[in-house]
Each structure stands twice: as C-alpha cells, then as structure tokens.
Amino acid sequence: MKLYRAHVLICGGAGCISSGCHAVKEEFIRELQANGLQDEIQLIETGCVGSCDLGPIVIVYPEGVFYQHVTPEDVQEIVNEHLLKGRYVKRKMHRHPSSGEPVVSSREMDFFRHQTRIALRNVGLINPESIEEYIARDGYFALGKVLNEMTPEEVIQVIKESGLRGRGGAGFPTGLKWEFTRKAGGADERTEKYVVCNADEGDPGAFMDRSILEGDPHSIIEAMAIAAYAIGAGQGYIYVRAEYPLAVARMKQAIAKAREYGLLGQNIMGTGFSFDLEIRVGAGAFVCGEETALIASIEGKRGEPRMKPPFPATSGLWGKPTLINNVETFANIPVIILKGAQWFSRIGTEKSKGTKVFAIAGKINTTGLVEVPMGTTLRKIIFELGGGIPNGKKFKAAQTGGPSGGCLTEKHLDTPVDYESLQAAGSMMGSGGLIVMDEDTCMVDVARFFLEFTQDESCGKCVPCRIGTKHMLEILTRITEGKGEEGDLETLEELAKVIASSSLCGLGQSAPNPVLSTLRNFRDEYEAHIKEKRCPAGVCTALKRYEIIPEQCKGCGLCARVCPVQAISGVRKEPYLIDQEICSKCGLCLSKCPFGAIVVK
Amino acid sequence: MAASSCPASAHGCAEKYQKLDEILQEYKGVQGGLIPVLHQAQLLFGYLPHDVLVRIAEELDLPLSEIYGVSSFYSFFSLKPRGKYTVSVCMGTACYVKGAPALLEKIKETLQVEDGETTKDGLFTLDTTRCVGACGLAPVLTIGDDVYGRVTPDKVPEIFERYRQE
Ligand SMILES: Cc1cc2nc3c(=O)[nH]c(=O)nc-3n(C[C@H](O)[C@H](O)[C@H](O)COP(=O)(O)O)c2cc1C
Ligand code: SF4
Ligand code: SF4
Ligand code: FES
Ligand code: FES
C-alpha cells in the first residue's frame, strides 16, 4: 500500500452531488496533477459526511480541517496554501457558531463532537467503492470470526446479549428474531430460509439508510452474511426503494466486488458456508416498507400487507422462514461481533442499547445525519448538534416517527430519547426522522400533511384505513380552509379510534397518531382555526389576513399597483387600506412595501 | 412527440421489442421477476404500453389482469406516455415544512400543467414524490436524473429554461 502524507476527502453523498461536488473533485484532480502531488496526497470520494447543507464538503486529513461550501474556484487556493505550504484557508473553514473562530478539526465541531458513530462508523470516511478500504477498517473480520470460530447459536447469543433492537421502527429485539427464524422449520439445515434487508426507507425526511447503503455498502453485505449463517439461510435480498438510484448502483458494485473476493457465493472463505445476495428495487409504494407487504413485493405481487401471525420468521418469502431487518440494524452487527455484547450494551439506556442515527431536518441550523447514544436528550440533539433554530425563531415541536409518529414539544426537550420514552410522550422512535418545526409552522397544517400522506399511501385493503383516513383528511382540510365546525375535533377523535383499532397493518393503525398528538399538544391552535377562523402561525392561506399598519404606511401606493385584484385603495401620502372581501391572499403586496407596513395575521 | 402506444410493428419499435425479449428471457423462471421486468421495460419504452404488457404476460406466463394489477399498484409505473423529463417535486416532510407547496405552485404556473400532467411540447411530466433522501437540502426538486436542492420559487423559470435549450 502506498503511503500518503495527506488525504483529501470529498463528500460524494447525494446532497453534495446536487451541490456540485463532482466539479470540485475534477478540479482537485487537475490541481494535484499540476503540482505533482498525486503520489503524495490521496483524493478520496466518500459517502455522506452528515452535514449536507454545508456541502460541497472537503475534509483534509491528518488534521481533519473541514472546508465547507467549496466551489471549483476555491480548489487552487486550498492546494497552494494548505497542501503545499501548510497554511489553512480560513475563509472556507467551518466556524464556531458562538466565537466565530475557525474550527481546526472537524472532530471539534459541535455537530461531530457529540456523536458516537457505530452504524455510521465508515460513512464519510472511506471510499464506498473500494472493498480494500472497508477491509482496512476491520471489514469482513466479523464474518471471518463468525464462520471460523463461532456456532450459529453463539452468534445469536451475542446479538441477544447486546440488547440490539430493530432500527426500522418497532424496536423488536434483534437476537430474539434471529433465534425464532433459526428455530423455524425445526432448525433443519435443509429448510430453505431467507435473509431480507429492508432498505425501503419510507419515512419522508429520513435518509440514514440511504447514507449507509451509499457510504458503506459492504457493512450490509457482511452483516447479512453473518445473519444468514446464524439462521441457516443461503439466499438474501436487499429491497431498496426506487428513489435511491445511487444506493442501488453502489450496492450492486459492492456485491460484485464481494463475489470477486470470495466473500459472497459458494464456499465463503473456504469454510463451506454459501450465501448470495440479490437486489430488488421498489416501485414507489410506502406501504412496501411494512414487512409482509415487502415480501409480497419481492414475490412480484401487489405490495399489500397480510395478517400476522404467521410472522415472516415462520412463513415469509415464498412461505419460507425469513429474517427481515432494517439497514441500520444490520450496520450494527459486525461491530457487535468484533467488540462484544458487553461493549455494546454499555452504551445507551436500560432498555434501549447502543446508538441511534437521527436525520435532523426542517427548521434547524445544521441539518443532517447524527448518530448519538440512546438516551441523549432532544435538547442536545437539536440545540447542540443541530445548532438550534435559524433566524432567532422559537422552537415549537419536533416530529419523530414520521407519518406514524407524533410531535414532541418544549416540555419533552429534556427527556432522554429512547424507544420507551418516546412512546410515553405519545410519539415513537420510528426510523429516526426528526423534523424540527418553529413558531412559523402550523400544527393543524402539519397534521393535515401527514394524513394526506397516509391516505395517499393506504393500499386500500381495509375499509377503515381507506375511507376513514379520507374522512379525517376532509375534516382537516376544511379546518385549514376556515370552514371548521363545532364538533369536528370530537369526530376526528372518534374516527381515529376506529381506524387505529380496525386496520390490518401498521400504516392504518398508526395513521391517526399525528392528528391525536397535535390535538393533545396544540388543541388551542385547532380551536383558533375553528372558532376564530384564525391561523396563529400564519400558514393557512385561506385564513391569512393581509393588513396595512396605518402608522407605518407612508401612502406611497406601491402596494395598490401590484395588487392583481384591486383590493387596495387609498389616497397618496395617507394610509392605504386592504379590502378583506376582495383580497385573494396572494401576498404580492407584502414584499412590495418599502416601509414594511404590510403584515400577515 | 409522437406519443404512440408503440405497437410491435411500428417503425423504431421493433428494436425495443427485441431488447424486451432479451430481458424476458433473462427473467423467465426467476422467482418474483415481474417487478424487475416492469422496471426495465419502463426504462426502455419510457412507460408501459398495453402491447408491452401483453408481451410480458405471454412470456412470463402470467394473466394479463395480474400484470395490470401489479403495474397499477405501484406509483413508479406509468401506463401513460410521459414527457422527456420527469419533474418531481419532493413533498416529503422536510421539504414540506421548508416551502415545497409554494415551489410546486410556481412550477405548475411555469409549466402550465397540473400534478401528473405532461407539458404540450412533451418535454416535462410533473410529479410529486415522497422524499428522495436529500432532506438536508430541502426543498428538493428532481428533473430526470438531476437533483436540485434549496430551490426557491424565483429560481424555477431559469432552471427549466436550461432544459428547453438542450
Ligand atoms: C407502513 C409501514 C412502513 C414501514 N416502513 C419501513 C421502512 O421503510 N423501513 C424499515 O426498515 N422498516 C419499515 N417498517 C417496519 C417493518 O415492517 C419491520 O418491522 C422492520 O423492517 C423490521 O426490521 P428491524 O427489526 O430491524 O427494525 C414499516 C412498517 C410499517 C407498518
Ligand atoms: S391498514 Fe391500510 S395500508 Fe395497511 S393493509 Fe389495511 S388498507 Fe392497507
Ligand atoms: S395579498 Fe394580494 S390580493 Fe391581497 S391586497 Fe395584497 S396584493 Fe392584493
Ligand atoms: S451528502 Fe455530503 S454531507 Fe451529506
Ligand atoms: S423530504 Fe424532501 S428530500 Fe427528504
């Protein structure tokens, strides 16, 4: 292996690609060549570093200097100053939010400092297309250990003792699930069994699975092979959603490489164990993330959930015992095998061990992916790692668990986040999507958004889920349009109960959650919409009132000229007035007033 | 753009059908091969014409009703011709709270189409999607394979102009 004096890591995650990182990479290749540095300095394109909105991101090691928003024009300076003369290019470095001083090492940034990266251990550090780099970071050592030194029962025992629980939503103990699947069909080695990786990542706003598939694909292959050995399976499937073409391409490439290295296929590492993998691409149905629907989809059918039991562990793919785990769950496996169950179970809380990756997005300063020990408070995640709410706005709520979850408010900020505490707070862990909302977000509108989502994605098999959610959506839409009526909230609660109790799968059962949780925490907002025909956050268009503050209006008349429906009248140099009957709430006048005299209420 | 159903006999279609047959040969006997076949057929034809589904039914020995049942279940499959570029506005949660609805309105206005429709010149089909996994850059818009992050409504006309030039 060549020795380099420095490494330049360019983030090649989906976020940075869309911010233009490939042009930056091209420029680096050119500049390094031009200065004859190509044998001294290694250029590596990595998976998502996590802080996507700072992209394109370039990190220079050994120091770990973090350059953000790098453009091709900045490259020459970074090469000349930093790589040749050892002088950092301060103007492109990340700055400490409070002191404004450049942060020398990314390891000191608030965003990274508080993280414990297990599932994301390699993401953003290695070139995902290089199996050698994965191996250099202990990759496939866990598989070797398992195949050479452990019985399947011992593997299962380690996973059970680690306390690892499913990261796909329900939090079911992983070791137990492996044990059920192993024992299904009488632990007869000849019973056909399957291992499936759920990479459907349906929660809109969560992208941790994507980042693992793209940034560290071999960790999933290795973990699935370990699982296959433990349960006695010979074939595996990775079900990836169609919206992630890069993840599919990286996974394909990694599978081919693993086969080439004898880490997949017949007689792996000469141990007599055989296992192979196939990728199946989804086709845009959220419900396919539900395990029985996912199985139907791999079988080539409509992705409709079915009744459980029987659970996939006993009757899954083609009626055979099937182990299905989420991407992040799998990503933890090799580390647990190498470092041991005790090491893992020391991290986290009493009932939730290890770490969890959260995708923080919405109204937050640093959006992105963070991995923190279970039990970290919401306050720490949002205000320390995420840097708080932008533009000096106030925190209002955070949604966890996606369309199946609920919102957490101010009073939950200091609760240690784990499976149990989120449930107690009326939400759920879900896949780890964390959407932050500020005072400008209307909670009724958010509830309506989630219901529109679930109603749209309902597979239609159950009447309560199909018709009930539609009815709830109609009511919510009416409320946001200012046509809410007395008794609406009670009807919503009634419907919620029926849908939750009589739907077949988790989609229907949890569809009312966002409504119930906002009703519990923000009932006054609903009431303002219904009784006062007012949207306190100023979001619901139909309820907006554009008004001119007479004291601030200089009577210039600019607003009257832009109004497309002639709703504004007045005489020059005197306060103008908006006729609410005529105003179509287009908002054009708002930005036109040079004196800020127009407000939305 | 001639939005035909691409019958097996039509000019320029024969080659595609030949490719389709190759794909079908590859997946014959593969368990659960229908969905991968539909994916590849859509890539080939741009959508799933009736004649193509008939051919798939014959070759995979499945009832045509099942093929229709499956292709209509998944939103990714289109039974209608589509524009040269699919425009997808992300309506995932992160994008929604960061202004995706206003963005969608602006695009509808710019392209003069509603959600699900194709522009008259056959260039763009407008769609909404649920999260493309670039949530850190919300609101997100994709046109063909290109991903645009942090798109504000005022940037919309300029973005589409680029594709019209090509
Ligand atoms: C409507 C619905 C959607 C789901 N979507 C996903 C998903 O996108 N990814 C996922 O891993 N699990 C999803 N699940 C959970 C799976 O059914 C299953 O519990 C999980 O994949 C098991 O893996 P785990 O034990 O490793 O978490 C979903 C469940 C429901 C009810
Ligand atoms: S609850 Fe809804 S999504 Fe689930 S099976 Fe029933 S109709 Fe389909
Ligand atoms: S919001 Fe639009 S319609 Fe209403 S007064 Fe202002 S410009 Fe006129
Ligand atoms: S894609 Fe570069 S930081 Fe996420
Ligand atoms: S919510 Fe839009 S990209 Fe994820």
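Residues numbered from 1 in each chain as written. Chains lettered and ligands numbered in written order. Predicted model: local features only at pLDDT ≥ 70, side-chain atom pairs only at ≥ 80, totals over all residues. Heavy atoms only, no water.

Colleague: Whenever I open this one, the overall build of chain A confuses me. Can you help?
Modeller: A tally of helices and strands in chain A yields 24 helices and 18 strands. A compact globule built from 601 residues would reach a C-alpha radius of gyration of about 25 Å, and chain A, at 27 Å, matches this within 12%. Counting only C-alpha atoms, chain A reaches 90 × 70 × 40 Å along its principal axes. By residue count, 59% of the 601 residues in chain A fall in the buried class. (Helix = DSSP H or I, 4+ residues; strand = E, 2+ residues; numbered from the N terminus. Rg over C-alpha atoms; globule rule 2.2 N^0.38 Å. Buried < 20%, exposed > 50% of the residue type's maximum accessible area, 1.4 Å probe, protein only.)

Colleague: Sorry, what's going on with the sheet that holds strand E2 (residues 41-46) of chain A here?
Modeller: Residue and element names in this part refer to chain A. In space, the 4 strands of this open sheet follow the order E2-E1-E3-E4, with mixed pairing throughout. Sheet topology places E2 and strand E4 (65-67) at the edges, where each strand pairs with a single neighbour. Taking the axes of each pair of neighbouring strands and ignoring which way they run, one obtains an average angle of 20° across the sheet. As paired strands, strand E1 (residues 6-11) and E2 are joined by 6 bridges and run parallel to one another. Paired with alanine 6 across the two strands is isoleucine 41, which belongs to E2. Docked against the sheet, helix H3 (residues 72-85) engages E1, E2, strand E3 (58-61) and E4, running at close to 170° with respect to E4. (Pairing = 2+ DSSP bridges. Axes fitted to C-alpha atoms, helices over the stretch in contact; angles between N-to-C directions. Contact = heavy atoms within 4.5 Å.)

Colleague: In this structure, what is going on with the packing of aromatic side chains? I would like to understand it.
Modeller: Where two aromatic rings form a pair, the distance of their centres and the angle of their planes describe that pair. Per the stated rule, a full pass over the model turns up 21 aromatic pairs over all chains. Between the aromatic rings of Phe449(A) and Phe450(A), the centroid separation amounts to 5.2 Å while the plane-to-plane angle is 65°, which identifies the pairing as edge-to-face. By the burial criterion, Phe449(A) is buried, and Phe450(A) matches it. Grouping aromatic residues by their ring pairs yields a cluster made of Tyr85(B), Phe124(B), Phe160(B) and Tyr163(B). We note Arg210(A) situated over the ring of Tyr244(A); from NZ or CZ to the ring centre the distance is 5.1 Å. Directly above the aromatic system of Tyr244(A) lies the positively charged group of Arg241(A), at a separation of 5.0 Å from the ring centroid. (Phe/Tyr/Trp six-rings, centres within 6.5 Å; stacked < 30°, edge-to-face > 60°. Lys NZ or Arg CZ within 6 Å of the ring centre and 35° of its normal.)

Colleague: Sorry, what's going on with helix H4 (residues 64-73) of chain B here?
Modeller: The α-helix advances 3.6 residues per turn, and as a result positions three or four apart in sequence lie on the same side. Those residues of H4(B) that fall on the buried side of the exposure criterion are Ile67(B), Gly69(B), Val70(B), Ser71(B) and Phe73(B). Looking at the buried residues of H4(B), the elements they touch are helix H2 (34-45) and helix H3 (50-60) of chain B.

Colleague: Where do I start with the site of ligand 1 in this structure?
Modeller: Residue and element names in this part refer to chain A. Surrounding ligand 1, one finds 18 residues, the nearest of these being Gly168, Gly202, Asn325, Asn326 and Thr329. Arginine 167 places a main-chain nitrogen or oxygen 3.4 Å from an oxygen atom of ligand 1. Bound to the protein, ligand 1 loses 88% of the 620 Å² it would expose on its own. Top contributing element to the shell around ligand 1 by residue count: strand E9 (residues 322-326), with 3 residues. When the residues that make up the shell around ligand 1 are grouped by side-chain class, the tally is 3 nonpolar, 9 polar and 6 charged. (Near = heavy atom within 4 Å. Polar contact = N/O pair within 3.5 Å; in protein donor to acceptor, adjacent residues only side chain to side chain. Areas by Shrake-Rupley, 256 points an atom, 1.4 Å probe, with all protein chains shown as cover. Nonpolar A, V, L, I, M, F, W, Y, C, P; charged D, E, K, R; others polar.)

Colleague: I'm lost on the pattern of salt bridges in this one. Help?
Modeller: If the charged atoms of two oppositely charged side chains come close together, the side chains can form a pair. All names here are of chain A. For the coordinates displayed, the defined rule picks out 50 salt bridges over all chains. The shortest N-O distance in the salt bridge between lysine 308 and glutamate 291 comes to 3.0 Å. In this pair, lysine 308 is assigned in the loop between helix H12 (291-298) and E9 and glutamate 291 in helix H12, connecting sequence segments 17 residues apart. By relative accessible area, lysine 308 is classed as partly exposed at 32%. Of the charged contacts in the structure, one is a salt bridge between glutamate 494 and lysine 497, with a shortest N-O distance of 3.8 Å. (Salt bridge = Lys/Arg side-chain N within 4 Å of Asp/Glu carboxyl O.)

Colleague: Looking at this structure, I do not really get the packing of helix H18 (residues 463-480) of chain A against helix H19 (residues 488-502) of chain A. What am I missing?
Modeller: For any two helices packed against each other, the geometry comes down to the angle between their axes and how far apart the axes lie. Residue and element names in this part refer to chain A. Between H18 and H19, the shortest axis-to-axis distance is 10 Å and the interhelical angle comes to 160°. Judged by the angle between their axes, H18 and H19 are roughly antiparallel. Of the two elements, H18 crosses H19, and the hand of that crossing is left-handed. Across the interface between the two elements, Pro464, Cys465, Gly468, Thr469, His471, Met472, Ile475, Leu476, Arg478 and Ile479 from H18 touch Asp488, Leu489, Thr491, Leu492, Leu495, Ala496, Ile499 and Ser502 from H19. (Parallel < 35°, antiparallel > 145°, perpendicular 65-115°, else oblique. Left-handed = near helix turned anticlockwise from the far one by under 90°.)

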